[in-house]
Amino acid sequence: MKHYAKIVALYLLSACTQQNDKLISLQNQVDSLQLKLNDSYKPGLGEFMGNVQVHHSKLWFAGKNQNWKLAGFEINEIKESFDDIKKYCTDRPEIKDIGMIEQPLQNITKAIEHKNLNEFINSYTVLTTTCNSCHKATNHGFNVITTPKTPPFSNQNYSLHN
Ligand code: HEC
C-alpha cells in the first residue's frame, strides 16, 4: 500500500511539473507576441490627416458636380479615418478635441442624402472651418485647410453619374 501511495505521489508530481512547463512556454509565447505588437507599424496622426485631406478634396469635387454616390463614399472615408484616429492615436492628447468634427460630418451627410447642392456647399464650408478650429485648438493653427481649387488627381472622373 505504501509503495502504491509513493507511485501516485510521483505521478502527481510529474503531472504538476508538466503543467508548469506548459505555463512557462505559454508565458514565453505571450511575451514574444507582446514584443511583436510593440514593434508593429501603426500610422501616426499626421498620416491619418493626410488621408483625410485627400478625401476632403475629392468630396468637394464630387459634391460640386452633384455626384452624390461618390460624395457619400468620400464622406464615409473621412468618417472612417476619424474613427481610426480615435482608436489608434490614443497616445495623442490632441484627440480630446476631435468631438467638434462630429456635427459637421453629420450635416454634410444629410446634405448628400438630400442631394441638395446649396446645403452641401454650406456644410462643406462649416466642415473646413471646423478642421481649422481643431488645428488652432491643438497648436497647429499654421496648418490651414481650404476649399480646393483643383482636384487632387487627374485620373478620376468626379462628375460621372451612375
Ligand atoms: C483633433 C482635432 C483635429 C481635427 C478635427 C482635424 N485635425 Fe487635422 N490635424 C490635427 C493635428 C493635431 C495635426 C498634426 C498631426 C501631426 O502631429 O502630425 C493635424 C494635421 C493635419 C494635416 C497635416 C498633414 C500634413 O502632412 O500636412 C492635414 C492636411 C490635416 N490635419 C487636415 C485636416 C482636415 C482636412 C480636417 C477636417 C476634415 C482635419 N485635419 C481635422 C488635428 C485635427
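Since the structure is predicted, the reported quantities are computational estimates derived from the model, not experimental observations.

**Quick look at the domain arrangement of the protein chain**
How large an interface is tends to be reported as the accessible area lost when its parts come together. When cut into domains, the protein chain gives domain 1 (1-40) and domain 2 (45-137). Each of domain 1 and domain 2 has a C-alpha centre, and the two are 53 Å apart.

**Some remarks on the packing of helix α3 (residues 68-88) against helix α4 (residues 102-114)**
Contact geometry for α3 and α4: axes closest at 10 Å, N-to-C directions at 160 degrees. Of the possible angle classes, the one that applies to α3 and α4 is roughly antiparallel. Classified by chirality, the crossing of α4 by α3 is left-handed. Between α3 and α4, the contacting residues are Trp68, Ala71, Gly72, Ile75, Ile78, Lys79, Phe82 and Lys86 on the first element and Glu102, Leu105, Ile108, Thr109 and Ile112 on the second. A class-by-class count of the residues in the contact of α3 with α4 yields eight nonpolar, two polar and three charged.

**A few points about the coordination of the iron atom of the ligand**
Surrounding the iron atom of the ligand are the protein donor atoms Met49 (SD) and His135 (NE2), which sit 2.0 to 2.4 Å from the metal. One can describe the site at the iron atom of the ligand as octahedral: its six donor atoms subtend angles covering 83 to 179 degrees at the metal. Of the two residues, Met49 is situated in helix α2 (residues 45-64) and His135 in helix α5 (residues 117-137); the sequence distance between them amounts to 86 residues. Residue Met49 is classed as partly exposed on the basis of its relative accessible area, which comes to 30%. The buried category is assigned to His135, whose relative accessible area is 13%.

**Comments concerning the site of the ligand**
Near the ligand, the surroundings consist of 18 residues, among which Met49, Cys131, Cys134, His135 and Asn143 are the closest. Within the backbone of Gly46, a nitrogen or oxygen atom sits 3.4 Å from an oxygen atom of the ligand. Interatomic distance of 2.8 Å between a side-chain N/O atom of His135 and a nitrogen atom of the ligand. Of all the elements in the fold, those that place two or more residues in the shell around the ligand are α2 and α5. It is α2 that provides the largest number of residues to the shell around the ligand, a total of six residues. Grouping the amino acids of the shell around the ligand by side-chain chemistry returns nine nonpolar, seven polar and two charged.

Cut-offs and rules
- Residues numbered from 1 in each chain as written.
- Predicted model: local features only at pLDDT ≥ 70, side-chain atom pairs only at ≥ 80, totals over all residues.
- Heavy atoms only, no water.
- Domains from an automatic or database assignment.
- Axes fitted to C-alpha atoms, helices over the stretch in contact; angles between N-to-C directions.
- Helix = DSSP H or I, 4+ residues; strand = E, 2+ residues; numbered from the N terminus.
- Parallel < 35°, antiparallel > 145°, perpendicular 65-115°, else oblique.
- Left-handed = near helix turned anticlockwise from the far one by under 90°.
- Contact = heavy atoms within 4.5 Å.
- Nonpolar A, V, L, I, M, F, W, Y, C, P; charged D, E, K, R; others polar.
- Donors = N, O, S within 2.8 Å, 3.2 Å for Na, K, Ca; no water.
- Tetrahedral: all angles 85-135°; square planar, octahedral: opposite > 155°, others 65-115°.
- Buried < 20%, exposed > 50% of the residue type's maximum accessible area, 1.4 Å probe, protein only.
- Near = heavy atom within 4 Å.
- Polar contact = N/O pair within 3.5 Å; in protein donor to acceptor, adjacent residues only side chain to side chain.

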